[in-house]
Amino acid sequence: MFTPLRRWLLVLAAILLPAPALAEDGHDLWLRYRPLAAEGAAALPAAVERRGDTPTLRAAEAELIRAFAAMAGETQGRGARVVLAAAADPQVAALGLPLGDLGTEGYLIRQVRLGDAPATLVTGNSDIGVLHGAFALLRHLGSGGALAGVDLASAPRIGLRVLNHWDNLDGSVERGYSGESIWDWWTLPEYTGPRYTDYARANAALGINGTVLNNVNAKADSLTAPYIAKAAALAEVFRPYGIKVYLSARFSAPVELGGLDTADPLDPQVQAWWDAKAAEIYRAIPDFGGFLVKANSEGQPGPRDYDRSHADGANMLARAVAPHGGIVMWRAFVYADTDPDDRGKQAYTEFKPLDGQFADNVLVQVKNGAIDFQPREPFHPLFGAMPQTPLMLELQITKEYLGFNTHLAYLGTMWEEVLDADTMVRGAGSTVARVVDGSLEGHQLTGIAGVANIGADRNWSGSTFDQANWYAFGRLAWDHTLPAEAIAREWAALTFTPDPALTGPVVSMMMGSRQAVVDYMTPLGLAHLMGTGHHYGPAPWIADLARPEWNPAYYHKADRQGIGFDRTSTGSNAVAQYAAPLAARFADPATTPEADLLWFHHLPWDYRMQSGRPLWAELVHRYDRGIGNVAEMRRQWHALAPLVDAERHEQTAAFLAIQQRDAQWWRDASIAYWRSLNGLPMPGGAAAPPRDLDYYQSLSFPYAPGNTG
Ligand code: GCV
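Quick caveat, the model's predicted, so the values are computed rather than measured. (Residues numbered from 1 in each chain as written. Predicted model: local features only at pLDDT ≥ 70, side-chain atom pairs only at ≥ 80, totals over all residues. Heavy atoms only, no water.)

Taken together, 15 residues sit near the ligand, with Glu 174, Lys 294, Arg 331, Lys 367 and Glu 400 positioned nearest. One of the side-chain N or O atoms of Glu 400 is found 2.5 Å from an oxygen atom in the ligand. In isolation the ligand offers 340 Å² of accessible surface; the protein chains occlude 96% of this area. The residue inventory of the shell around the ligand, partitioned by class, reads 4 nonpolar, 3 polar and 8 charged. (Near = heavy atom within 4 Å. Polar contact = N/O pair within 3.5 Å; in protein donor to acceptor, adjacent residues only side chain to side chain. Areas by Shrake-Rupley, 256 points an atom, 1.4 Å probe, with all protein chains shown as cover. Nonpolar A, V, L, I, M, F, W, Y, C, P; charged D, E, K, R; others polar.)

Structure, rendered in structure tokens:
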């Protein structure tokens, strides 16, 4: 019961305080259509006209109607109608618009006179192009753009823009931090609830056009008739949105499902089994995209089990899907504990000699760095090294090594860094982006993959800011020339409000966030120092795991004298895998970018850094800088409370507090360990870790999420 005084205070508060923004659970992602200010709402189109009756055009129309109704609020839009029509429509064709460069998926939005009346025309060479245009128009309006004078055109630079779900058939997600898998295999194919359509809408809005449904650590069961039917039901939902379904294929399936005694890719019976399996899949899913394969990697079966090459394995599957127009994405993520060479060199050693041997419908899928999705890695040396082979770039959207869903790290900047990296293989300007988009070597078949961070959580990605990484992947996959900062601004506007009072600080938080993680976890080119198995938190001291290259100590090689992995000619000589000018640059610590210094060099603790500090002091400085940046993000976020709904504000604030605690933990545990090796005092002014090393080593997290492998 309220006392009269309390009631009076509450009434007063209700009068004086601004109304709190409504709570939101984040489910709407970037399709969060909200009422526009009066002027913008009045300018919204009075009508949507669809010229054609296909599922795709109907989906575009439904999206616009839904969005305009929500954006208009109580106002009646009085703007010119929006017309959705593909280029073949006679009225559109008569306009002679410049659609030649749009390909089959691009769009053009322009104000025209159509049939003698003004219209905002959304068009493309196919219905899918029109759908992409409809989403582009909504993005434009949702991020503060006006309808008046709208003139937009864009086409994807990369052909296959694919999510890789590491989702298991039991509903768990390997490296997933946002709940169970969104695929409810148990109720498929009969039940295809609204979530699958929302998934398709969210992806189509970014131009993502493919999804691999199951984990690369694949079960053969995914290829059985019941699971093909389940995949077919999803394909049915996704088809109008221009999204194809792919499956991860287990290489040994002919043995496990077919009863053969071999999966040797050169065995005609094995080829026949895959041919028949592909035909069966295509009967159920006529536009099936093809297979993704992890072979001879981390215990997965593959062609090397039969002394065949990766090209032999890939080509066998390629032959099976080729008659149906399918492709094979063959992963280059291979390394073996039996190979004593630097793990970072092994994929290049294995794959480069195979250049020119892959079938035309094979792409080799290469992670951005040579180890494994670390907070920072130099670009993978395979980019530029296989000119005759389409190389697909694999990025990890889920933050396996960057603090899961509770650390705020915007990955747009990391991916921009990789895409812009210059391989120098054909002189300056031979960027990774140009290898991937095919322009460097003239490949038509091109692709980019992102390991999804999507789960059954209401907000899909485990946190609001992790949605930004899904968003950034999609936008960069469509157009890798978009600046990470512009993408962040666009996302912030669509996710919260286009008000610069919000987007300014949010973009500033995002742009520095990945470097903050690098600083407090693995500064100066250190890598793979995370806890065993789950990869959360620091464990640089681990040195006793069976596979040498799974030990953090393998990567930092710290001792009393120094720290870092010597990849020059006095060490593993991994630098020689890069084009000559880069190899020379990376061979010398003085010309190696400091961000990658300890990736390429083992240096004494007193090595003089550009700042003038000794390496040891610089390392400690970087840890503290990272923590400082997290504290600053917290401060910025706190000040944004009036502009963000309570639910999303509170969750992000709580997660930032976790991040600050963890950043401190990373710093303290790492410093305690380095000091146990180097015996050095803390650099002047820096605080010593509050606990001794034993304490940090005693921490264990057997139930950390995502560790299903
Ligand atoms: C799907 C890393 C991850 C594994 C993952 C593997 C891969 O090793 O820790 O969970 O397995 O990469 O990319 O295949």
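Attention now moves to the pairing of strand E10 (residues 327-331). Counting buried positions along E10 yields 5 of 5 residues, so the element is predominantly enclosed. Burial along E10 is two-sided: the face carrying Ile 327, Met 329 and Arg 331 and the face carrying Val 328 and Trp 330 are both buried. As judged from the 4 bridges shared by strand E9 (residues 290-293) and E10, these two strands associate in the parallel manner. Within the sheet, the bridge partner assigned to Gly 290 lies in E10 and is Ile 327. The handedness of the E9 to E10 crossover, carried by helix H10 (residues 310-321), is right-handed. One ladder, built from 4 bridges, connects E10 with strand E11 (residues 362-367); its direction is parallel. Residue Met 329 lies in a different strand from E11, and its bridge partner there is Leu 363. (Buried < 20%, exposed > 50% of the residue type's maximum accessible area, 1.4 Å probe, protein only. Helix = DSSP H or I, 4+ residues; strand = E, 2+ residues; numbered from the N terminus. Pairing = 2+ DSSP bridges. Right-handed = clockwise from strand over helix to strand, strands pointing away.)

Another aspect to go through is the sheet that holds strand E13 (residues 447-451). Taken in spatial order, the 8 strands line up as E6-E7-E8-E9-E10-E11-E12-E13 and close into a barrel, and their pairing is parallel. Looking at each pair of strands side by side, their axes are set apart by 25° on average, direction ignored. Bridge count for strand E7 (residues 210-212) against strand E8 (residues 244-248) is 3 bridges, and the pairing is parallel. Looking at E8, one finds that Gly 210 is bridged to Lys 244. (Axes fitted to C-alpha atoms, helices over the stretch in contact; angles between N-to-C directions.)

The next point concerns the sheet that holds strand E3 (residues 107-114). Here 5 strands make up an open sheet; going across it, the order is E1-E2-E4-E3-E5 and the pairing mixed. Since the sheet does not close on itself, it has two edges, and those belong to strand E1 (48-50) and strand E5 (151-154), each with one partner. Neighbour to neighbour, the strand axes of the sheet diverge by 30° on average, direction disregarded. Contacting E1 and strand E2 (81-84), helix H3 (residues 55-72) crosses the sheet at an angle of about 175° to E1. Strands in contact with helix H5 (residues 127-142) are E2, E3, strand E4 (117-123) and E5; relative to E3, the strand with the most contacts, it is inclined by about 85°. (Contact = heavy atoms within 4.5 Å.)

Topologically, Arg 514 is positioned in helix H16 (residues 500-521). You can call Arg 514 buried: its relative accessible area is 3%. Those residues in contact with Arg 514, other than ones at most four positions away along the chain, are Pro 375, Arg 376, Ala 409, Tyr 410, Thr 413, Met 414 and Glu 417.

Turning our eyes to something else, we now look at the pattern of salt bridges. All told, the structure shown has 46 salt bridges when counted by the stated rule. With a closest N to O distance of 2.9 Å, Arg 201 and Asp 198 form a salt bridge. With a gap of 3 residues between them, Arg 201 and Asp 198 both fall in helix H6 (residues 194-204), about one helical turn apart. One salt bridge connects Lys 399 with Asp 466, and the closest N-O pair in it is separated by 2.6 Å. (Salt bridge = Lys/Arg side-chain N within 4 Å of Asp/Glu carboxyl O.)

Bringing the nonpolar core into the picture now. Of all hydrophobic cores here, the largest spans 215 residues; its most connected members are Trp 30, Phe 238, Trp 274, Trp 470 and Trp 674. The element that contributes the greatest number of residues to this core is helix H21 (residues 646-678), accounting for 10 residues. Sequence-distant contacts of Trp 274, defined by excluding residues within four places in its chain, comprise Leu 223, Ala 249, Arg 250, Phe 251, Ala 253, Pro 254, Phe 291, Met 316, Leu 317 and Ala 320. In this structure, Val 83, Ala 85, Leu 99 and Val 112 belong to the second largest nonpolar core, which totals 12 residues. (Core = buried A, V, L, I, M, F, W, Y, C linked by side-chain atoms within 4.5 Å.)

As enumerated under the stated definition, the model contains 37 aromatic pairs in all. Judged by centre distance (6.0 Å) and plane angle (50°), the rings of Trp 183 and Phe 238 are tilted. Of the two residues, Trp 183 is situated in the loop between strand E6 (160-164) and H6 and Phe 238 in helix H7 (residues 225-238); the sequence distance between them amounts to 55 residues. You can call Trp 183 buried: its relative accessible area is 2%. With relative accessibility at 0%, the residue Phe 238 sits in the buried group. Residue placement shows Lys 230 over the ring face of Tyr 227; its charged tip is 5.3 Å from the ring centre. Cation over ring: Arg 567 sits above Phe 565, and NZ or CZ is 3.7 Å from the ring centre. (Phe/Tyr/Trp six-rings, centres within 6.5 Å; stacked < 30°, edge-to-face > 60°. Lys NZ or Arg CZ within 6 Å of the ring centre and 35° of its normal.)

Time to look at the confidence of the model for the chain. Of all residues in the chain, 97% have pLDDT values of 70 or greater, and the mean over the chain is 96. With pLDDT under 50 throughout, residues 1-21 is counted as low confidence; its partners more than four residues away or in other chains account for 5 contacts. (pLDDT = per-residue confidence, 0-100.)

A few words now on the packing of H16 against H21. Two elements in contact, H16 and H21, have axes whose closest approach is 9 Å; the angle formed by their N-to-C orientations is 30°. Judged by the angle between their axes, H16 and H21 are roughly parallel. Judged by residue contacts, Met 509, Val 517, Tyr 520 and Met 521 of H16 engage Leu 656, Gln 659, Ala 663, Trp 666 and Arg 667 from H21. Split into classes, the residues belonging to the contact of H16 with H21 amount to 7 nonpolar, 1 polar and 1 charged. (Parallel < 35°, antiparallel > 145°, perpendicular 65-115°, else oblique.)

Here we take up H3. With 18 residues, H3 should reach 26 Å at 1.5 Å per residue; the first-to-last C-alpha distance of 25 Å fits that figure. Within the span of H3, buried status applies to Thr 56, Leu 57, Ala 59, Ala 60, Glu 61, Glu 63, Leu 64, Ala 67, Phe 68, Met 71 and Ala 72. Packing partners of the buried residues in H3 comprise helix H2 (38-42), E1, E2, H5 and H6. Positive phi appears at Gly 73, one or two residues downstream of H3, with a value of about 60°. (Expected span 1.5 Å × (residues − 1).)

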